[in-house]
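Overview (structure and organization)
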Amino acid sequence: MKKFIEEQKKKLEQEKIGLEKELKSFAKQDPHIKGNWKTKFPDFGVKTADPSEEEDQTEEYEANLSVEYTLETRLKKISDALNRIKKGTYGTCQKCRKKIIIKRLKAEPEAELCIKCTEGGK
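A brief look at the structure comes next. Quantities reported herein were computed from a predicted structural model and do not represent experimental measurements.

1. A short note on the overall build of the chain
From N to C terminus, the chain includes four helices and two strands. Counting from the amino terminus, the chain carries its helices and strands in the arrangement α-β-β-α-α-α. In the chain, which comprises 122 residues, the share counted as buried stands at 30%. For the chain, the share of sequence-separated contacts (at least 6 apart) that also reach a separation of at least 24 residues comes to 48%. For the chain, the accessible surface area stands at approximately 8900 Å², while carbon and sulfur atoms represent 53% of it.

2. A word on a negative patch on the surface
The grouping of Glu55, Asp56, Glu59, Glu60 and Glu62 at the surface amounts to a negative patch. Its place among the elements puts Glu59 in helix H2 (residues 52–87).

3. A look at the environment of Ile102
Within the fold, Ile102 resides in helix H3 (residues 102–107). C-alpha of Ile102 to C-alpha of Phe4: the two residues are 98 residues apart in sequence and 8.7 Å apart in space. Once you skip the residues sitting within four places of it in the chain, Ile102 turns out to touch Met1 and Phe4.

4. Quick notes on the nonpolar core
Where a protein is soluble and globular, its nonpolar side chains tend to be buried together. Within the largest apolar cluster, 21 residues are counted, with the highest numbers of intra-cluster contacts made by Leu12, Leu23, Ile85, Tyr90 and Leu105. Of all the secondary-structure elements, those providing two or more residues to this core are helix H1 (2–24) and H2. Among the elements that make up this core, the one with the highest residue count is H2 (six residues). Discounting residues that sit within four places of it in the chain, Leu105 has contacts with Phe4, Gln8, Tyr90, Gly91, Ile100 and Ala111.

5. Side note on the environment of Glu108
Within the secondary structure layout, Glu108 lies in the loop between H3 and helix H4 (115–118). Along the sequence, Glu108 and Leu12 sit 96 residues apart, while their C-alpha atoms lie 10.0 Å from each other.

6. Details of the layout of surface pockets
Taken as a whole, the largest pocket spans an internal volume of roughly 360 Å³. In this structure, the largest pocket is lined by 13 residues; those nearest its centre are Lys16, Lys34, Gly35, Leu75 and Ser79. Every element with two or more residues in the lining of the largest pocket is listed here: H1 and H2. Among the elements that take part in the lining of the largest pocket, H2 stands out by supplying seven residues, more than any other. Each residue belonging to the lining of the largest pocket can be placed in one class, and the counts come to three nonpolar, four polar and six charged.

7. Here's the deal with the pattern of salt bridges
Throughout the structure, instances matching the rule amount to five salt bridges. A salt bridge links Glu15 to Arg74, with the nearest nitrogen and oxygen atoms 2.5 Å apart. With Glu15 in helix H1 and Arg74 in helix H2, this residue pair connects regions lying 59 residues apart in the sequence. Salt-bridge contacts for Glu110 lead to Arg74; the nearest nitrogen and oxygen are separated by 2.3 Å. Taken together, the residues Glu110 in the loop between H3 and H4 and Arg74 in helix H2 connect sequence positions 36 residues apart. Residue classification places Glu110 among the buried residues on the basis of a relative accessible area of 8%. Connected via shared salt-bridge partners are Glu15, Arg74 and Glu110.

The rules behind each value
- All residue numbers refer to positions counted from 1 along the written sequence of the respective chain.
- The model is predicted, so local features are restricted to residues of pLDDT at least 70 and side-chain atom pairs to those at 80 or more, both for listing and for counting; the totals for chains, interfaces and linings are taken over all residues.
- Side-chain measures here rest on the full set of heavy atoms in the structure, leaving out hydrogens and waters.
- Counting from the N terminus, the helices are DSSP H or I runs at least four residues long and the strands are E runs at least two residues long.
- Think of it in three bands: with a 1.4 Å probe and only protein chains considered, a residue is buried below 20% of the maximum accessible area for its type, exposed above 50%, and partly exposed in between.
- The contact criterion used is simple: two residues touch if any of their non-hydrogen atoms lie within 4.5 Å.
- Per-residue and other accessible areas follow the Shrake-Rupley method at a 1.4 Å probe size, with only the shown protein chains counted as cover for residues.
- Exposure above 30% relative accessible area and the lack of any salt bridge qualify a residue for a patch; like charges then connect within 9 Å, and the nonpolar side chains Val, Leu, Ile, Met, Phe, Trp and Tyr within 5 Å.
- A pair is scored as a salt bridge if a Lys or Arg side-chain nitrogen falls within 4 Å of a carboxyl oxygen belonging to Asp or Glu.
- Residues counted as positive are Lys and Arg, residues counted as negative are Asp and Glu, and His and the chain ends are not counted.
- Taken as the charge location is NZ of Lys, CZ of Arg, CG of Asp or CD of Glu.
- Joining through side-chain atoms within 4.5 Å is the link that ties buried Ala, Val, Leu, Ile, Met, Phe, Trp, Tyr and Cys residues into a set, and such a set is a nonpolar core.
- Throughout, the protein atoms alone are placed on a 1 Å grid, and a set of points is a cavity if a 1.4 Å probe fits but cannot get out or a pocket if it is open with protein on both sides within 12 Å along at least five of seven lines; lining residues have an atom within 4 Å of a point.
- Grid points are joined across faces, edges and corners, and a volume is the space filled by probe spheres set on the points.
- In this count, Pro and Cys sit with the nonpolar residues alongside Ala, Val, Leu, Ile, Met, Phe, Trp and Tyr, while Asp, Glu, Lys and Arg are called charged and the others, Gly among them, polar.

What follows is the structure, encoded as structure tokens:
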């Protein structure tokens, strides 16, 4: 199990780096709130030759807000999983405290709930 956890840790760390890189391409970290990112708003101070350019930039900004939220949420889940590895609680369901099966962890390394708890205990 120790080797498996080390492999998962490497996967999670690589994914974390990739997500941070992607976020940095259009957002910056909020220095006041840990784990929060802010999408960069276009600079409209400079007049452009094409007025529709500002409209395109606004649309891009709005699209990036949605992407930011998705990436930020995924990054938090990965960071939480890495913290569980550090604490020695990785692979344990955060709700019922039973072991999460390896097949699930392979498919979703950041999983914090077992399948039964994910499905609502059905």
